[in-house]
Amino acid sequence: MTAASLTAARSFVATPVRPIGSVEGQRAFAFRQAGKRFGDKTVLDGIDLDVPAGQFLAVIGKSGCGKSTLLRLLAGLDRPTSGSLTFGVAEEGHSRTRFMFQEPRLLPWASVVKNVEVGLTGIASGAEARQCALDILGEVGLADRADEWPSVLSGGQKQRVALARALVGHPQILALDEPLGALDALTRIEMQQLLERIWIAQKFTAVLVTHDVAEAVALADRVVVISEGRIALDLDVPVERPRRRGSVELARLEGKILDRLFG
Amino acid sequence: MSFSTRLHNNAIGWLLPALVIAGWEVASRAGVMPANVLPAPSAVAEAFWRLTLSGELIRNIGVSTARALAGFAVGGSIGFALGLANGLSTLSRGLTDTTLQMIRNIPHLALIPLVILWFGIDEEAKLFLVALGVFFPIYVNTLLGIQSVDPQLVEMGRVYGMDRRALFFRVILPGALPAIFVGLRYALGIMWLTLIVAETISASSGLGYMAMQAREFLLIDVVVLSILIYALLGKLADSLARLLERLSLGWHPAFQNG
Ligand SMILES: Nc1ncnc2c1ncn2[C@@H]1O[C@H](COP(=O)(O)OP(=O)(O)O)[C@@H](O)[C@H]1O
Ligand SMILES: [Mg+2]
């Protein structure tokens, strides 16, 4: 494959690398000439981003370039000041967008399972909510910690609880704002594998903001680089899964992104 | 900590008071401590028994406790409500906080002459003073507690679709609770202090009244007994508040393994 085909401009018919059962061909969301200003400071400008359902998108950029702002728009925490954001069709039984923060943001006064149940607010309650929460805790490997206080968990375990909380409502879109940034290197790789495994199983659309280029190419179908409020690079990562970390292919893509960031 | 070591720690706390009382008794019997300055513990115990049999003690404790609780309920609930309102609404805070902070600088006991002029020496006077004294610690700490709730948690609650009610009961109130308990315990101390002063100055029943009557008849054992009972009631209130705190703040690292 040539380098040129990798950087080919994206069109509306982006082909996901992975076949996605029922949601194939549908769109998860699209930004059209979207911009965001705070006062007279333009943070995002003319963002065009069309993301098909089920895609794993990574967003990279230097600190302060507007990555979090983009996610906040996506999660409905803020509104674009220009342009538009549209979503694909809402599916029955799914919450639309879930947000995973850089910090776990668990309620210290609620047990681990109760914290996960927060993700079912307005969806389920009582015994049903507890059962769903316990199931997803099993998936992130914390079923045996369900009734403990968050304060006794390690940083990585807290972030896994936060992941379980984000996923328990079966979101269509999961927005992740540097969720692994504060973890040590080994825990981070473990979490990346967990995230990939659950994404393959649940088929949601993932938007991962990260400052770790290796993480982006290891996990994502597509990497977008933001620079000075604009999309500076939009790159497919057409590498089969499971991917081998440190492979030549991934390293080449990584170099390309770094060139764009610092070139 | 295991149950037995906790018991052990509690027991060790009582060692010093027991030694002081034993020393006091010895000093009184040896005539080092004249009975008209400080009666022997045994004399105080006798007074306790005498007044218990006559029913006078129970009645006065009942009257004082009822006053304390009534004042606490009135002042505490107004303080709590205003603390919540001002913590949750900037409009409400802008409207009332400056005024309240100004009033807070007046020591409430300095109002006694004015309160006697307004209410005479009736129940209202004592209720008013206790309520005023209790109001501020509850108000200030409730407000502080709500303002110190982690805004990141509030944002998380919003993102996960909590409505205002859920946000309040699941995020804001639990987050404010540690500070509210600090206010509660402080208020309980002020409650007894205010009541002692108010009853000593003007009352026709209650523990303070009992002490003042005894002073007139030079019944110093009853005076000492009243003081001790005030201390015990204060300790009891504090212990109850601590118990409540331990039960409701089990998640807090400060209360774990304790
Ligand atoms: N609420 C806000 N008000 C004003 N400026 C903001 C606000 N949120 C973000 N910004 C500014 O927008 C820029 C991008 O922020 P952000 O999206 O958090 O960057 P990052 O890419 O590091 O996540 C920063 O310069 C930041 O100061
Ligand atoms: Mg950011």
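These lines cover the structure that appears in this document, whether it is placed above or below. Given the structure is predicted, the values throughout are model-derived calculations rather than measurements.

### Focus on the interface of chain A and chain B
And then number 1: With 21 residues of chain A at the contact, the number on the chain B side is 16 residues.
And then number 2: The largest share of the area that chain A buries against chain B comes from A:Arg105, A:Trp109 and A:Thr121, three residues that together contribute 37% of it.
And then number 3: Taken together, chain A and chain B are joined by 2 salt bridges.
And then number 4: Residues A:Arg105 and B:Glu155 are paired through a salt bridge, measuring 2.7 Å at the closest nitrogen-oxygen approach.
And then number 5: Taken together, the links from chain A to chain B amount to 6 residue pairs in polar contact (both at pLDDT 80 or more).
And then number 6: For the side of chain A that touches chain B, the secondary-structure elements that each account for two or more residues are β5 (97-100) and α5 (155-167) of chain A.
And then number 7: Here the element with the most residues in the side of chain A that touches chain B is α5(A); it accounts for 3 residues.

### Description of the packing of helix α8 (residues 164-201) of chain B against helix α10 (residues 220-248) of chain B
The angle between the axes and the distance between the axes are what describe a pair of packed helices.
All names here are of chain B.
And then number 1: Running from amino to carboxyl end, α8 crosses α10 at an angle of 165 degrees, the nearest separation of the two axes being 10 Å. In terms of orientation, α8 and α10 fall into the roughly antiparallel class. In terms of crossing hand, the pair formed by α8 and α10 is right-handed. Counting all contacts with α8, which are made through Leu 177, Phe 181, Leu 184, Arg 185, Leu 188, Trp 192, Leu 195, Ile 196 and Glu 199, the residues of α10 involved are Tyr 230, Leu 233, Gly 234, Ala 237, Asp 238, Ala 241, Arg 242, Leu 244, Glu 245 and Ser 248.

### Re the side chain of A:Asn115
Residue and element names in this part refer to chain A.
And then number 1: By secondary structure assignment, the location of Asn 115 is in helix α3 (residues 112-117).
And then number 2: The exposure class assigned to Asn 115 is buried, which follows from its relative accessible area of 0%.
And then number 3: A polar atom in the side chain of Asn 115 sits 2.9 Å from the backbone oxygen of Ala 110.
And then number 4: Apart from the residues within four sequence positions on either side, Asn 115 is in contact with Leu 106, Leu 107, Ala 110, Pro 150, Val 161 and Arg 165.

### Structural notes on the sheet that holds strand β6 (residues 173-177) of chain A
Residue and element names in this part refer to chain A.
And then number 1: Strand order in the open sheet made by the 6 strands is β5-β6-β7-β3-β8-β9, with mixed pairing throughout. Of all the strands in the sheet, the pair left with one neighbour each is β5 and β9 (230-236). Adjacent strand axes in the sheet meet at a mean angle of 20 degrees when their direction is disregarded.
And then number 2: Two strands pair when backbone bridges link them, and strand β3 (residues 56-61) and strand β8 (residues 222-227) are joined in this way by 5 bridges, in the parallel orientation. Residue pairing for β8: Leu 57 is matched across the bridge by Arg 222.

### Some thoughts on unusual backbone geometry
All names here are of chain A.
And then number 1: Looking along the chain, the bond that leaves Arg 241 and enters Pro 242 is cis, with omega of 0 degrees.
And then number 2: Mapped onto the elements of the fold, Pro 242 is located in the loop between β9 and α8 (248-262).
And then number 3: A positive phi angle is found at Glu 178, which is not glycine, with a value near 45 degrees.
And then number 4: Within the element layout of this structure, Glu 178 appears in the loop between β6 and α6 (185-202).
And then number 5: Judged by relative accessible area, Glu 178 falls into the buried class, the value being 15%.
And then number 6: Residues other than glycine seldom take positive phi values, yet Lys 203 does so here, at roughly 60 degrees.
And then number 7: With respect to the helices and strands, the residue Lys 203 is situated in the loop between α6 and β7 (205-209).
And then number 8: The class of Lys 203 is partly exposed, set by a relative accessible area of 40%.

Rules and cut-offs
- Starting afresh in each chain, residues are numbered from 1 along the sequence in its written order.
- Here chains are named by letter from A upward and ligands by number from 1 upward, in the order in which they appear as written.
- In view of the model being predicted, local features appear only for residues whose pLDDT reaches at least 70, and side-chain atom pairs are presented and counted only at 80 or more, with totals across whole chains, interfaces and linings using the full set of residues.
- The basis for the side-chain values is all heavy atoms of the structure; hydrogens and waters are excluded.
- Should any heavy atoms of two residues lie within 4.5 Å, those residues are counted as being in contact.
- Here's the idea: put two parts together, see how much 1.4 Å probe accessible area each one loses, and the total over both is what we call buried area.
- Salt bridges are defined as contacts in which a side-chain nitrogen from Lys or Arg sits within 4 Å of a carboxyl oxygen from Asp or Glu.
- Think of a polar contact as two N or O atoms within 3.5 Å of one another; within protein, one of them needs to be a possible hydrogen donor and the other a possible acceptor, and neighboring residues in sequence only count if both atoms come from side chains.
- Here a helix means four or more residues in a row that DSSP labels H or I, a strand means two or more in a row labelled E, and each is numbered from the N terminus.
- Note on geometry: axes are lines fitted to C-alpha atoms, helical ones only across the stretch in contact, with angles between N-to-C directions running from 0 to 180 degrees.
- For classification, angles of less than 35 degrees are called roughly parallel, those exceeding 145 degrees roughly antiparallel, those between 65 and 115 degrees roughly perpendicular, and all remaining angles oblique.
- Put simply, a crossing is left-handed when the front helix is turned counterclockwise from the back one by less than a right angle, and right-handed when it is turned clockwise.
- Three exposure classes are used, based on accessible area relative to the maximum for each residue type with a 1.4 Å probe and protein chains only: buried under 20%, partly exposed in between, and exposed over 50%.
- Any two strands with at least two DSSP-identified bridges between them are counted as paired.

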